[in-house]
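Analysis of the macromolecular model
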Amino acid sequence: MGTSIDNSYIKKDEFSPKELIFRYVKYIPWVILSVLVFSILGFINLRYTPKIYSAKGQIIIKNEASFSTGDEKFNSMFMMEDGTNLNNEMIILRSTSMVQRVVKELGLETMYTEVGKVRSTLLYRTSPLKLETLSRNDSAYVYFSVVVVDSLHYILNEEEKPRLFGSVIENNNGVFKISRTWGKISDFNNREFIIESLPADIATERVIPSIYVQKTNDYSNILDISFSSTDKDLAADFINSLMRQYGESTIEDKNTIAKNTIQFINDRVDSLQSELFGVENKLQRFAESNKGIALESQAQLYVAGISDLDTKINEVSVKKKILEWLRSYIQSEKNRENTVPVNLGVDEPSMAPLITAYNEMMVQKAALLKTTTINNPKVVEMTVSLEKMKADISEALNSVEKSYNISLTQLQQRYAETERKAVGVPGKTRQQLNIERQQNIKEGLYLLLLSKKEEVAIGAAAVLPNSRILEQATERAKIVAPIASSVYMKFILLGLAIPIAIIALIEFLNDKISVRNDIEKQTNVPIAGEVGRSVDAASLVVTKQNRSFITEQFRAIRTNMTYLAAKSKRPVILVTSSMSGEGKSFVSTNVGAAFALAGKKTLILEFDIRKPKVAANLGISTRKGLSSFLITNEDPDDLVYSIENVDNLFMIPCGLIPPNPSEMLLLPRMEELFDWAKSNYDVVIIDSAPIGVVSDAITLGKYADVTLYIVRMGYTLKRVMEFIEKLYQERRLPNMAVVVNDVATKGSYGYGYGYGYGYGSGSSVKDYFDNTAPKKKSIFSRFFGTK
């Protein structure tokens, strides 16, 4: 058996971009075709997808109070002190109640659509039809399909008999009329139209998702409002209407607060005016009955003390009176749906938050009732919450009143003490002071409420919306979908992704050797050569007359065999593989022919006893051969056959297939056979059985100097490389080298690499070798079947 192989003459290539290109170049036509198909699909998508336009407007939100009276406590009582929360306003702009106002203003409850052959077109301002609703169920969805026959008639919902425009339509949803508007039917591509009429709330829900509100930046109170629609005019009108309705709604909310405040003040002023008139009459009668009695000077000191206490008692009394008014106001059934006034001189922090929260919810409830009924679950929930808040306010009033009662009791006790000291002051003077105190209390309240009423009225007259339109939406809306570049990019990427994914799946599932690197990265066995895919039906392609490229590949293998068997003058070459079908017999025959053409007397021994192919492929049919030689005394010279068309090439066929092939290889005449072969022939080729199936090749290995292990592209399993490497590392076969068979001349990487030829392309390679082989079809021919 020969020595180990020195494979320094063969350089193992690392995986490179060039290899990557050659590995997948065969898939490029399919990738190009996929991209082309998806580009066409992208064009079709753009052609038949309705264009969506987006109009944009800008408003500035004023960060200021609704209006102010200059009194912080009074402003707090009527919710006049708060600034604007920009996030809240963004939500309000997209709220159902706000958008519903726009839907009703623009008449978007009824939509008109022209039915096209491929896609339908929304008709916003240009509809030639108009639906009039004479009566209708509130929650009814109305749908009409209209085919215009002429200027006077139309067909409704595929009815057989045409109807007159303007005639009454009665159905379960209500009573309607369809009439003609301006414009000619001939202006439209089709005469079929669809009319949809929705309840306002459903129509509102449809358009809300198309509204986008965002801050221009984090440092300003400017909002960008945009709306998307298939109609430019509708997009612009919707934005402008929304900004206008928002401004009007803020004015309405502010005026509601002012109206309730003035109403409360008017009620209190009327009551005070009557009470003040009675006190003044009482004072007048007292003065008339006592003829203007003056106070004694000695009583002035006590009067000063009494006056101070009297002032404090008056303050507490005023506060108690306000508490009584507030309690009466809250308990009054007619004020059940009104806001609650607070802080009319009563400075109690425990009450203000409760009343403020009550007023906020009351305003929200009033706003909600504009668009719904009292039976709405949200309204019912608010009503329950308001009743609870009102109970909390009443409890707070009771607590405050108790504290005032305690303060008043203490002041009255001090007042009584001072009064007892003023025993010299006439009783009539004290009576006069009591009357005057009542007059001062009622007069102070009366003047306070009159001034507040004027301030609120002035503020209400000058109220402005808390927003200003900076930029109106115009009909120059931009297209937001579909964007041609994005659509093409999406479809092109899809056209790339699908074939690439399929290719990746194919590569992932592929367990066959497909490129040279699959061999080199898994084994250190040198590669003696590559054999291209043969288009010739004959098994013997290496002849003197043949100058094809595959013939030169076998000559290159012959050259490499010279290096591998350099120490042997008459080399014995063992040819094996992992399994049947890898081209072992084909390679054995043509490697032998290559040596024969070089003037070497070459003998092929057909030792694939179980499944011989060499003799049959060469047209040799005989029952005598190696099997008969090993078990009889036949002369080997009588078993040799000369191969036609190739001088110096001979073979001994297998002969009859014995029942025990493995045992035959152990017979004593094996030594005699190889001694005879080496003495009579320059090169001996052993065509053995696949080593992956049986162990015959291991047995024959001891007679060989070099082993050619055949690996077939697209056929040999990748996992076999581990078996080959194990054989190589354990030196179970002499001087192993791999021959790569069935290498495609196009579309695969590794063809002709490393042997000093095969780097050319086009006619430079074709002219160098024989051009009698059939020409390959072009990519265009392979795709479309041209000859």
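Our subject is the structure listed above.
The structure reproduced in this document is the subject of the present report.

1. Examining the overall build of the chain
Within the chain, the regular secondary structure consists of 23 helices and 22 strands. Burial status across the chain gives 45% buried among its 787 residues. Taking the intrachain contacts of the chain between residues at least 6 apart in sequence as the baseline, contacts between residues at least 24 apart amount to 80%. For the chain, the accessible area works out to roughly 40900 Å², and carbon and sulfur atoms hold 53% of it.

2. Regarding the packing of helix α5 (residues 96-106) against helix α6 (residues 200-207)
With their axes 9 Å apart at the nearest point, α5 and α6 run at an angle of 105 degrees to one another. Comparing the axis directions of α5 and α6 gives the class roughly perpendicular. Contacts from Thr96, Val99, Gln100, Val103 and Lys104 of α5 reach α6 at Ala200, Asp201, Ala203, Thr204 and Val207.

3. Description of empty space enclosed by the protein
Here the idea is plain: a probe the size of a water molecule rolls over the atoms and shows the empty space left. Taken as a whole and judged by the stated rule, the model has 3 cavities of 30 Å³ or more. Each pocket or cavity is described by its volume, and for the largest cavity that value is around 50 Å³. Every residue along the wall of the largest cavity is listed here: Arg336, Glu337, Tyr358, Met362, Lys365, Thr383, Leu386, Glu387 and Lys390. At the level of elements, α9 (352-369) and α10 (377-421) are the ones that each hand at least two residues to the lining of the largest cavity. Among the elements that take part in the lining of the largest cavity, α10 stands out by supplying 4 residues, more than any other. When grouped by side-chain class, the residues that make up the lining of the largest cavity number 3 nonpolar, 1 polar and 5 charged.

4. Some points on the environment of asparagine 266
Residue position: asparagine 266 is located in helix α7 (residues 232-290). For asparagine 266, a relative accessible area of 22% corresponds to the partly exposed category. Residues asparagine 266 and leucine 450 lie 184 residues apart in sequence; the distance between their C-alpha atoms is 8.5 Å.

5. Examining the nonpolar core
Counting residues in hydrophobic clusters, the biggest one holds 46 residues, and the most contacted among them are Leu605, Phe607, Phe674, Leu700 and Tyr709. Excluding its chain neighbours within four sequence positions, the residues that come into contact with leucine 700 are Leu574, Phe607, Leu665, Met670, Phe674, Ile686 and Ser688. Core analysis: the next-biggest nonpolar cluster, separate from the first, contains 35 residues, Val531, Ile550, Val587 and Met651 among them.

6. Focus on the sheet that holds strand β20 (residues 683-688)
Across the sheet, which stays open at both edges, the 8 strands sit in the order β15-β22-β21-β16-β20-β17-β19-β18 with mixed pairing between neighbours. Because the sheet does not close on itself, it has two edges, and the strands there are β15 (527-532) and β18 (641-642). Summarising the sheet, strand β16 (residues 572-577) and β20 pair through 4 bridges and their orientation is parallel. Bridge pairing in β20 links isoleucine 573 to isoleucine 685. With respect to the sheet, helix α15 (residues 584-597) is in contact with β15, β16, β17 (602-607), β19 (649-652), β20, β21 (706-712) and β22 (736-743), its orientation differing from that of β20 by roughly 175 degrees. Of the strands in this sheet, β16, β17, β19 and β20 touch helix α19 (residues 669-680), which is tilted by about 160 degrees from β17.

7. What about unusual backbone geometry?
Its identity is not glycine, yet asparagine 648 carries a phi of approximately 70 degrees, on the positive side. Relative to the helices and strands, asparagine 648 is located in the loop between β18 and β19. Despite not being glycine, aspartate 742 shows a phi value in the positive range, around 60 degrees. Mapping aspartate 742 onto the fold places it in strand β22.

8. Quick look at α5
Within the span of α5, buried status applies to Met98, Val99, Gln100, Val102 and Val103. With its phi angle positive at about 70 degrees, glycine 107 sits one or two positions after the end of α5.

9. Here's the deal with the pattern of salt bridges
For the structure on display, the rule yields 16 salt bridges. Across the pair arginine 555 and glutamate 552 runs a salt bridge whose closest N-O atoms are separated by 2.7 Å. In this pair, arginine 555 and glutamate 552 both sit in helix α14 (residues 549-564), 3 residues apart, roughly one turn of the helix. Judged by its relative accessible area of 24%, glutamate 552 is partly exposed. Shared partners join several salt bridges into a network, and the residues in it are Arg125, Asp233 and Asp237.

10. Some words on α19
With 12 residues, α19 should cover 16 Å at 1.5 Å per step; its first-to-last C-alpha distance of 16 Å lies within 8% of that length. Restricting attention to buried positions, one finds in α19 the residues Arg669, Met670, Leu673, Phe674, Trp676 and Ala677. Summarising the axial view, the buried residues of α19 lie within an arc of 160 degrees, below the 170-degree limit, and thus occupy one face.

The rules behind each value
- As a convention, each chain's residues are numbered from 1 in the sequence order in which they are written.
- Residues qualify for local features only when their pLDDT is at least 70, as the model is predicted, and side-chain atom pairs are given and counted only at 80 or more; totals for whole chains, interfaces and linings, by contrast, use all residues.
- Only hydrogens and water are set aside; all other atoms, that is, all heavy atoms of the structure, feed into the side-chain values.
- Only DSSP runs of H or I covering at least 4 residues are called helices, and only runs of E covering at least 2 are called strands; the numbering of each starts at the N terminus.
- Relative accessibility thresholds used throughout: buried, under 20% of the residue-type maximum; exposed, over 50%; partly exposed, between the two (1.4 Å probe, protein chains only).
- Residue contacts are counted whenever heavy atoms from the two residues lie within 4.5 Å of one another.
- Per-residue and other accessible areas were derived by the Shrake-Rupley procedure at a 1.4 Å probe size, with only the shown protein chains allowed to occlude residues.
- Convention adopted: a line fitted to C-alpha atoms gives each axis, helices being fitted over their contacting stretch, and angles between N-to-C directions are expressed from 0 to 180 degrees.
- These descriptions rest on fixed angle ranges, namely under 35 degrees for roughly parallel, over 145 for roughly antiparallel, 65 to 115 for roughly perpendicular, and the rest for oblique.
- We place a 1 Å grid over just the protein atoms. Points where a 1.4 Å probe fits but has no way out form a cavity, open points with protein on both sides within 12 Å along at least 5 of 7 lines form a pocket, and any residue with an atom within 4 Å of a point lines it.
- Grid points are joined across faces, edges and corners, and a volume is the space filled by probe spheres set on the points.
- Under this grouping Gly is polar, as are all residues other than the nonpolar Ala, Val, Leu, Ile, Met, Phe, Trp, Tyr, Cys and Pro and the charged Asp, Glu, Lys and Arg.
- Put simply, buried Ala, Val, Leu, Ile, Met, Phe, Trp, Tyr and Cys residues joined by side-chain atoms within 4.5 Å make one nonpolar core.
- In short, DSSP must find at least two bridges between two strands for them to pair.
- Within this document, salt bridges are pairs made up of a side-chain nitrogen of Lys or Arg and a carboxyl oxygen of Asp or Glu, the two lying within 4 Å of each other.
- Here a helix's expected span is defined as the number of its residues, less one, multiplied by 1.5 Å.
- Arc definition: it is the arc formed by the directions from the helix axis to the C-beta atoms.

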